[in-house]
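So you can see what is in the structure, the chains are spelled out below.
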Amino acid sequence: MSIEKKIQQLEENNRLAELGGGVDKIKKQHAAGRHTARERIKELLDPHSFVEIDKFVTHRTTDFDMDKQKYLGDGVVTGYGKIDGRLVYVFAQDFTVFGGSLSRANADKIVKIMDLAMKMGAPIIGLNDSGGARIQEGVESLGGYADIFYRNVMSSGVIPQISAVLGPCAGGAVYSPAMTDFIMMVKNTSYMFVTGPDVIKTVTHEEVTKEDLGGAMTHNSKSGVAHLMAEDDSQAMMMLRELMGFLPANNMEDPPVKVCTDSLFREEDSLDTIVPDDPNKPYDMLDIITKVVDDHNFFEIQPYYAKNIIIGFARFAGKPVGIVANQPAVLAGVLDIDSSIKAARFVRFCDAFNIPLVTFVDVPGFLPGTVQEFGGIIKHGAKLLFAFAEATVPKITLITRKSYGGAYDVMSSKHIGADVNFAYPTAEIAVMGPEGAVNIIYKNKLSEQERQTVIDDYRARFASPYKAAQLGYIDEIIYPRQTRTKLIQALEMTQNKVKNNPAKKHGNIPL
Ligand code: HXC
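This is a predicted model, so every value here is computed, not measured. (Residues numbered from 1 in each chain as written. Predicted model: local features only at pLDDT ≥ 70, side-chain atom pairs only at ≥ 80, totals over all residues. Heavy atoms only, no water.)

**Student:** I keep staring at the pairing of strand S5 (residues 161-165) and nothing clicks. Help me out?
**Tutor:** Burial runs high along S5: five of the five residues are buried. Two strands pair when backbone bridges link them, and strand S4 (residues 124-128) and S5 are joined in this way by five bridges, in the parallel orientation. Residue pairing across strands places Leu 127 opposite Ala 164, the latter belonging to S5. Assessed by its sense of winding, the connection that carries the chain from S4 through helix H5 (residues 139-155) to S5 is right-handed. Bridging between S5 and strand S7 (residues 182-186) involves four bridges; their strand directions are parallel. Considered in S7, the bridge of Ser 163 is made with Ile 183. (Buried < 20%, exposed > 50% of the residue type's maximum accessible area, 1.4 Å probe, protein only. Helix = DSSP H or I, 4+ residues; strand = E, 2+ residues; numbered from the N terminus. Pairing = 2+ DSSP bridges. Right-handed = clockwise from strand over helix to strand, strands pointing away.)

Below is the structure:
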């Protein structure tokens, strides 16, 4: 064969591989409001940075006449490229080829990319859009899944692993995304469930649509399985790019620093009056966060789930931090099962990847009630306590208002290893709120008028930051308007922190 012919052959093979399942299947994918695997990769990565691997891999099955149906690439596009100039590995399931289902060959491609990502110490992003196990391949496909799961676990805490679910993701296939650090879903076009609506109807007689069962809003607001939600594929890719900007390439690196043009000494006078006089009046903790971070830019994670706690990424002086904050505007900022789990997992992510933690506290305590107790608030609340305590990254805490009871200890208190603890003059740090304390100490011993006097006295003496400051539990009571500068100074002071927990195989976080 002449050299021209050989080049032509390569061109033809490339064309075929890039066509995936063909023009009709691509049209169907677009009609369903979804992009193809290659279109997604193009939007996700910096222009011209994608390098594809294993483009000509095909499956090896002969059952069900499969040897007569082969597509170059076999339903998954894999390779590496850059986001803002930084290396990432990516695999994108191609729904136009056998519904993106996972064959042995297809799994081998993903495994190869995962191994490369670990060896080179760079994040991996999986774009999922698949009908699950390649049914024609049976147990070989299951083996492929397990090979991926195993690598998900081995990579956890070593390189960031991000999943976008951009179409179907059902059955055991959900467990790969579930073990990654963040899951993105897209409204109306993506769904995740262990068993679909038909099986549910047969087994439990419940009738539920795919969207209600496992759509983006369900997993972002009800189950807490997903962390981010986009309107469409393009927005999903943009959000993934933004998320990657906060993350280091691996657990041995610091997160990337951006040039900061926001003044380090910017004062926000409005913060002096942001906490209402009335301790029972809500305010929005997001206002405080956005006023103090660089460029008012806060990238919230799980904004629709357990809204009584806020988690997300921001930068101070150009350096990424993870923010955890009680939200007094929702359920008075109380800690409950869902909010404890939400925040605990985030704290552990930040700690694994050297991202300092800034914690804003306004918490009246743990939510009372049988639902919480029977649901295991003891062990779930302990998750957050455990996560904060074991975290060795710089930990800065600011109490804006209430910090009562066990929740005071849990919310990154000095006692569990926080490095700098600030309080606003409006802080109330005590074993419990004035009403509760007086009810217990003076049970049935006071008239209504006496009771009110004692409550006011308790509030004046104990519901303040001064007792904690006298004891050194609070390092400084700050002027709220100076919050930004104070947090930046504390982060700068702690940036070379070295803290090692005792050597062990691993702790036993209360799961
Ligand atoms: C092989 C598959 C496939 C699969 C879809 N296709 N899923 N081929 N194995 N798992 C093929 C279809 O035959 C079809 O081929 C093409 O992909 C597109 O599928 P459609 O059904 O036309 O698309 P749509 O109507 O959008 O429906 C998508 C779907 C449906 C909901 C995902 O295809 C479906 O229910 N598939 C089966 C899902 C499933 O049961 N998977 C196995 C679960 S067990 P043609 O040639 O007709 O276009 C599992 C175990 C994992 O995943 C365990 C891990 C531990």
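**Student:** Could you clarify how one ought to interpret the packing of aromatic side chains in this entry?
**Tutor:** Ring pairs (aromatic) are described by centroid distance and by the angle formed between their planes. Considering all chains together, one arrives at twelve aromatic pairs under this definition. On the basis of an interplanar angle of 85 degrees and a centroid distance of 5.4 Å, the ring pair of Tyr 71 and Phe 98 is categorised as edge-to-face. In this pair, Tyr 71 sits in the loop between strand S1 (51-53) and strand S2 (76-83) while Phe 98 sits in the loop between strand S3 (86-93) and helix H4 (104-120), placing the two residues 27 residues apart along the sequence. With a centroid separation of 5.1 Å and an interplanar angle of 50 degrees, the aromatic rings of Tyr 458 and Phe 462 are classed as tilted. With a gap of four residues between them, Tyr 458 and Phe 462 both fall in helix H17 (residues 448-462), about one helical turn apart. (Phe/Tyr/Trp six-rings, centres within 6.5 Å; stacked < 30°, edge-to-face > 60°.)

**Student:** Looking at this model, I keep getting lost on the environment of Glu 137. Mind explaining?
**Tutor:** Relative to the assigned elements, Glu 137 resides in the loop between S4 and H5. The exposure class assigned to Glu 137 is buried, which follows from its relative accessible area of 9%. When the C-alpha positions of Glu 137 and Arg 34 are compared, they lie 26 Å apart, and in sequence the two are 103 residues distant. Among residues more than four places away in sequence, those in contact with Glu 137 are His 59, Thr 61, Ser 103 and Arg 104. (Contact = heavy atoms within 4.5 Å.)

**Student:** Explain the sheet that holds S2 to me, please; I cannot follow it from the model alone.
**Tutor:** Two pairing modes exist for strands in a sheet, parallel and antiparallel, and in both the strands are linked by backbone hydrogen bonds. The seven strands are arranged S1-S2-S3-S4-S5-S7-S9 in an open sheet whose pairing can be described as mixed. Sheet topology places S1 and strand S9 (228-230) at the edges, where each strand pairs with a single neighbour. Direction aside, the axes of adjacent strands within the sheet are offset by 20 degrees on average. (Axes fitted to C-alpha atoms, helices over the stretch in contact; angles between N-to-C directions.)

**Student:** Looking at this structure, how should I read the site of the ligand?
**Tutor:** Around the ligand, 19 residues are found, and the nearest of them are Lys 25, Gly 99, Gly 131, Ala 133 and Ile 135. A distance of 3.2 Å separates an oxygen atom of the ligand from a polar side-chain atom of Lys 28. Within the backbone of Gly 131, an N or O atom sits 2.7 Å from a nitrogen atom of the ligand. Contact with the protein chains removes 54% of the 1,000 Å² of surface that the ligand exposes when unbound. Broken down by secondary-structure element, the contributors of at least two residues to the shell around the ligand are helix H2 (23-31) and H5. (Near = heavy atom within 4 Å. Polar contact = N/O pair within 3.5 Å; in protein donor to acceptor, adjacent residues only side chain to side chain. Areas by Shrake-Rupley, 256 points an atom, 1.4 Å probe, with all protein chains shown as cover.)

**Student:** Just checking my understanding: could you explain the environment of Gly 131 for this structure?
**Tutor:** Structurally, Gly 131 is set in the loop between S4 and H5. You can call Gly 131 exposed: its relative accessible area is 54%. Sequence-wise, Gly 131 and Ile 83 are 48 residues apart; in three dimensions their C-alpha atoms are separated by 28 Å. Residues in contact with Gly 131, not counting those within four places in the same chain, are Phe 95, Gly 99, Gly 100 and Ser 101.

**Student:** Help me understand the side chain of Asn 220 in this model?
**Tutor:** Inspection of the secondary structure puts Asn 220 in helix H9 (residues 216-222). Exposure remark for Asn 220: the relative accessible area of 0% places this residue in the buried category. Side-chain polar atoms of Asn 220 contact the backbone nitrogen of Leu 228, separated by 3.2 Å. Not counting residues up to four positions away in its chain, the partners in contact with Asn 220 are Met 185, Ala 226, His 227, Leu 228, Met 229, Tyr 304 and Tyr 305.

**Student:** What is the right way to read a nonpolar patch on the surface from this model?
**Tutor:** Together, Tyr 150, Val 153, Met 154, Tyr 175, Met 179 and Val 194 give the surface a local cluster of nonpolar side chains, amounting to about 560 Å² of exposed area. Looking at the nonpolar patch, the element that brings in the most residues is H5, giving three residues. Tracing the sequence through the fold places Met 154 in helix H5. What makes Met 154 partly exposed here is its relative accessible area of 42%. (Patch = residues over 30% accessible without salt bridge, like charges linked within 9 Å, V, L, I, M, F, W, Y side chains within 5 Å. Salt bridge = Lys/Arg side-chain N within 4 Å of Asp/Glu carboxyl O.)

**Student:** Help me understand H5 in this model?
**Tutor:** Three- or four-residue spacings in an α-helix give side chains the same orientation, since the helix completes a turn every 3.6 residues. When the terminal C-alpha atoms of H5 are compared, their 24 Å separation across 17 residues agrees well with the 24 Å that a helix rising 1.5 Å per residue should span. Those residues of H5 lying buried are Ser 141, Gly 144, Tyr 145, Ile 148, Asn 152 and Ser 155. The buried residues of H5 all sit within an arc of 100 degrees when viewed along its axis, so they share a single face. Looking at H5, the residues exposed on the side facing more than 90 degrees away from the buried face are Val 139, Leu 142 and Tyr 150. Against H4, S5 and helix H6 (175-178) lie the buried residues of H5. Gly 157 lies just past H5 and shows a positive phi near 80 degrees. (Expected span 1.5 Å × (residues − 1). Arc of directions from axis to C-beta.)

**Student:** How do you make sense of the packing of helix H3 (residues 37-44) against helix H10 (residues 233-244) when you look at a structure like this?
**Tutor:** For any two helices packed against each other, the geometry is given by the interaxial angle and the distance between the axes. Contact geometry for H3 and H10: axes closest at 9 Å, N-to-C directions at 40 degrees. When the axes of H3 and H10 are compared, the pair comes out oblique. Crossing angle aside, the handedness with which H3 passes H10 is right-handed. Listed contacts from H10 to Arg 40, Glu 43 and Leu 44 of H3 are Asp 233, Ser 234, Met 237, Leu 240 and Arg 241. Broken down by class, the residue content of the contact of H3 with H10 amounts to three nonpolar, one polar and four charged. (Parallel < 35°, antiparallel > 145°, perpendicular 65-115°, else oblique. Left-handed = near helix turned anticlockwise from the far one by under 90°. Nonpolar A, V, L, I, M, F, W, Y, C, P; charged D, E, K, R; others polar.)

**Student:** When you look at the nonpolar core in this model, what are you seeing that I'm missing?
**Tutor:** The biggest cluster of nonpolar side chains holds 61 residues, and the ones touching the most others in it are Leu 127, Phe 313 and Val 324. Those residues in contact with Leu 127 that lie beyond four places of it in its chain are Arg 40, Ile 41, Leu 44, Val 90, Phe 91, Ala 92, Gln 93, Ala 164, Leu 166, Met 237 and Leu 240. Counting 28 residues, the second-largest nonpolar core is a separate cluster that includes Ile 274, Val 292, Ile 310 and Leu 398. (Core = buried A, V, L, I, M, F, W, Y, C linked by side-chain atoms within 4.5 Å.)

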